[in-house]
Amino acid sequence: MIEIGFGLLIGSVVSLFSSLSFSFSFDLGKSFLSVCKRLGLMVTYGDEVALPSINAQYAHPWGKRLLVGLPVGLSSQKVIDQKQALAEALRVDPNDVEIRYNDGLIIDIFTAEMPAEVPYSQPPERESYRVLIGITRRGELRYYDFDGPYPHLLIGGISGGGKSVMLRAIITTLVTGPAPDMYLCDLKGGVELDIFRKLASVKGFATTLQDVRTVLASVECEMLRRYEVMAANGSQKWAGKKAIFVVDELADFKTRAGDPDSKLKGEIKSILTRLSAKGRAAGVLILLATQRPSADIIDGLIKTNIAASICFRTRDGTQSRIILDNTSAEELPDVPGRLIFQTAYDETLQAPYLTVENARKLIAELPMKEIKEAIRYVSDSKPDAGESFSLDRNFIEL
Ligand SMILES: Nc1ncnc2c1ncn2[C@@H]1O[C@H](COP(=O)(O)OP(=O)(O)OP(=O)(O)O)[C@@H](O)[C@H]1O
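Looking at an unreviewed UniProt entry, one finds the protein chain named FtsK domain-containing protein, with Paenibacillus auburnensis as its source organism.

What follows is the structure, encoded as structure tokens:
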């Protein structure tokens, strides 16, 4: 109830924002055009010079918006790449500027502060795979949809940035909503995800590399089984329940010279790559989190197949680039929960805050595993006879 109340509160703030927006004339457009000239953001045709055009300017309670038309030959990406220089030339903090393309270039310059804490809330349609990712500076809620156009999700950022809180919020929303089959790998010793371990919807729980490989193998078997069912039915997309595979700390799969686990880590990476490439149609999705983004793990293959990223502040531009392909996460302020959400474009958000205690309360009434059921699951799903297959040893020991 409390969470839904907060959701409504945010909703009313949003509608207040939109109803207050009005057209306004000031010289931001003029300054923008002169900066474009200085930065070479224009196109020359013979003797003629074509600059971007200002189609509209608005003042909102959260700041100012410019709608910009671009001359043929000047790409929106070229302007976006110059965000830092544009902001500095306009004497605005680059963190206060957002540029994106949506049927024309939209430039937002914020004067309102981002809220430092956003309460956790759940989407109204509880059967959907949408999860709240955060709130924009305009007061709009942003969701990631595991059933949407951007399959798989990568979460990165510095220690203390808010990854574990985000994972907790996402998993809580999923298990209390559509309850997909969850496979959780907590390489931080099970500390972060332990609260979900005994839920009936958590079909695999791993805290060691060996167990991660075992759980991954079972997820891959499930994916292949679904492909067989789909082929038999002549369908292209799995219509049933989704399976979501979560890893909290991806960097533990990184191999170093002389690493005794390098073969195991190599196998884990190969299965992950196959799941990222083929999982979506079979309703098998992955959610990977890391505080030490490394190109070695998030290589081209996995990255190409992960279409959405959440990046908290990073230690440097290189780490930001590995997650986002740009350096903007290095510039984020040192505020826990502040992040860049990247799908078709980048947006800065403040993540919802869900404490362990509140997460425990929200999941308290959910069905738990039964010992018999878990043992049956283990024996039914054995992917191959030679493979040891303990999904959750501790639980089975119970
Ligand atoms: N969305 C948020 N809003 C407000 N505070 C937050 C938010 N997320 C995290 N915090 C604060 O930051 C602290 C660290 O967050 P969290 O444990 O999620 O970091 P992390 O990125 O997972 O770090 P590590 O990788 O070291 O575990 C939390 O205990 C909380 O106090």
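Draft legend 1. Region of interest: the overall build of the protein chain. What the protein chain contains, in helices and strands, is twelve helices and 19 strands. A buried classification covers 51% of the 398 residues belonging to the protein chain. In the protein chain, once contacts between residues fewer than 6 apart in sequence are set aside, the share between residues at least 24 apart is 65%. About 18300 Å² of surface is accessible on the protein chain, with carbon and sulfur atoms providing 53% of the total.

Draft legend 2. Local environment of the nonpolar core. Formed by 39 residues in total, the largest nonpolar core has its most connected members in Ile133, Phe146, Ile155, Ile170 and Phe196. Of all the elements, helix H5 (residues 163-176) adds the most residues to this core, at seven residues. Setting aside residues no more than four positions away along its own chain, Ile155 makes contact with Lys163, Met166, Leu167, Ile170, Leu287, Leu288, Ala289, Thr290, Ile310 and Phe312. Of all hydrophobic cores here, the second largest spans 36 residues; its members include Leu250, Ile271, Leu288 and Ile298.

Draft legend 3. Up close: the UniProt feature "binding site: ATP" (unreviewed entry) in the protein chain. When the UniProt feature table is mapped onto this chain, "binding site: ATP" (unreviewed entry) is found at Gly157, Ile158, Ser159, Gly160, Gly161, Gly162, Lys163 and Ser164. By the element assignment, Gly157 lies in the loop between strand S11 (153-156) and H5. Using a relative accessible area of 0% as the deciding quantity, one classes Gly157 as buried. Among the secondary structure elements, Ser159 is positioned in the loop between S11 and H5.

Draft legend 4. View of unusual backbone geometry. A positive phi angle is found at Arg91, which is not glycine, with a value near 60°. Along the polypeptide, Arg91 turns up in the loop between helix H4 (83-89) and strand S6 (97-101). Of note in this structure, His152 is not a glycine but carries a positive phi near 65°. Residue classification places His152 among the buried positions, given a relative accessible area of 0%.

Draft legend 5. Structural context of the confidence of the model for the protein chain. Looking at the protein chain as a whole, its pLDDT mean stands at 84, while 86% of the residues score no less than 70. Of the regions scoring below 50 in pLDDT, residues 1-25 engages in 27 contacts with residues more than four places distant in sequence or in other chains. Segment residues 378-398: pLDDT under 50, and 34 contacts once partners within four positions in sequence are set aside and those in other chains are kept. Here the predicted complex carries an ipTM of 0.97, next to a pTM of 0.81.

Draft legend 6. Region of interest: the pairing of strand S18 (residues 346-350). Sheet topology places strand S17 (residues 338-342) next to S18; five bridges connect them, and they run antiparallel. If you follow Leu339 over to S18, its bridge partner there is Leu349. Between S17 and S18, which pair antiparallel one after the other, the connecting turn spans three residues.

Draft legend 7. Quick look at a negative patch on the surface. A grouping of Glu88, Asp93, Glu330 and Glu331 is seen on the molecular surface, where their side chains present a negatively charged patch. Inspection of the secondary structure puts Asp93 in the loop between H4 and S6.

Draft legend 8. View of the site of the ligand. Contacts to the ligand come from 16 residues, most closely from Ser159, Gly160, Lys163, Ser164 and Gln291. The side chain of Ser159 places a nitrogen or oxygen atom 2.5 Å from an oxygen atom of the ligand. Between the ligand and Pro352 there is a distance of 3.4 Å, counted from a nitrogen atom to a backbone nitrogen or oxygen. Against a free-state accessible area of 620 Å², the protein chains account for coverage of 75% of the ligand. When contributions to the shell around the ligand are tallied by element, the ones reaching two or more residues are H5 and strand S19 (352-353). Looking at side-chain class alone, the shell around the ligand contains six nonpolar, eight polar and two charged residues.

Draft legend 9. Local environment of the side chain of Asp186. Looking at the element boundaries, Asp186 is found in strand S12 (residues 181-186). For the buried residue Asp186, which engages in no salt bridge, the nearest side chain bearing the opposite charge is Lys188, 6.5 Å off. Among the polar contacts made by the side chain of Asp186, one reaches the main-chain amide nitrogen of Val191 at a distance of 3.4 Å. Among all residues touching Asp186, those that are not within four sequence positions of it are Val191, Glu192, Leu193, Asp194, Phe205, Ala206, Thr207 and Asp248.

Draft legend 10. Spotlight on the packing of H5 against helix H10 (residues 356-363). Contact geometry of H5 with H10 gives a least axis separation of 10 Å together with a crossing angle of 10°. By the angle between their directions, the pair H5 and H10 is classed as roughly parallel. Between H5 and H10, the residues in contact are Arg168, Thr172, Val175 and Thr176 and Val356, Ala359, Leu362 and Ile363, respectively. Considering only residue class, the contact of H5 with H10 consists of five nonpolar, two polar and one charged.

The rules behind the values
Residues numbered from 1 in each chain as written. Predicted model: local features only at pLDDT ≥ 70, side-chain atom pairs only at ≥ 80, totals over all residues. Heavy atoms only, no water. Helix = DSSP H or I, 4+ residues; strand = E, 2+ residues; numbered from the N terminus. Buried < 20%, exposed > 50% of the residue type's maximum accessible area, 1.4 Å probe, protein only. Contact = heavy atoms within 4.5 Å. Areas by Shrake-Rupley, 256 points an atom, 1.4 Å probe, with all protein chains shown as cover. Core = buried A, V, L, I, M, F, W, Y, C linked by side-chain atoms within 4.5 Å. UniProt positions renumbered as here; feature names shortened; annotations may be inferred. pLDDT = per-residue confidence, 0-100. Pairing = 2+ DSSP bridges. Patch = residues over 30% accessible without salt bridge, like charges linked within 9 Å, V, L, I, M, F, W, Y side chains within 5 Å. Salt bridge = Lys/Arg side-chain N within 4 Å of Asp/Glu carboxyl O. Lys, Arg positive; Asp, Glu negative; His and termini not counted. Charge placed at Lys NZ, Arg CZ, Asp CG, Glu CD. Near = heavy atom within 4 Å. Polar contact = N/O pair within 3.5 Å; in protein donor to acceptor, adjacent residues only side chain to side chain. Nonpolar A, V, L, I, M, F, W, Y, C, P; charged D, E, K, R; others polar. Axes fitted to C-alpha atoms, helices over the stretch in contact; angles between N-to-C directions. Parallel < 35°, antiparallel > 145°, perpendicular 65-115°, else oblique.

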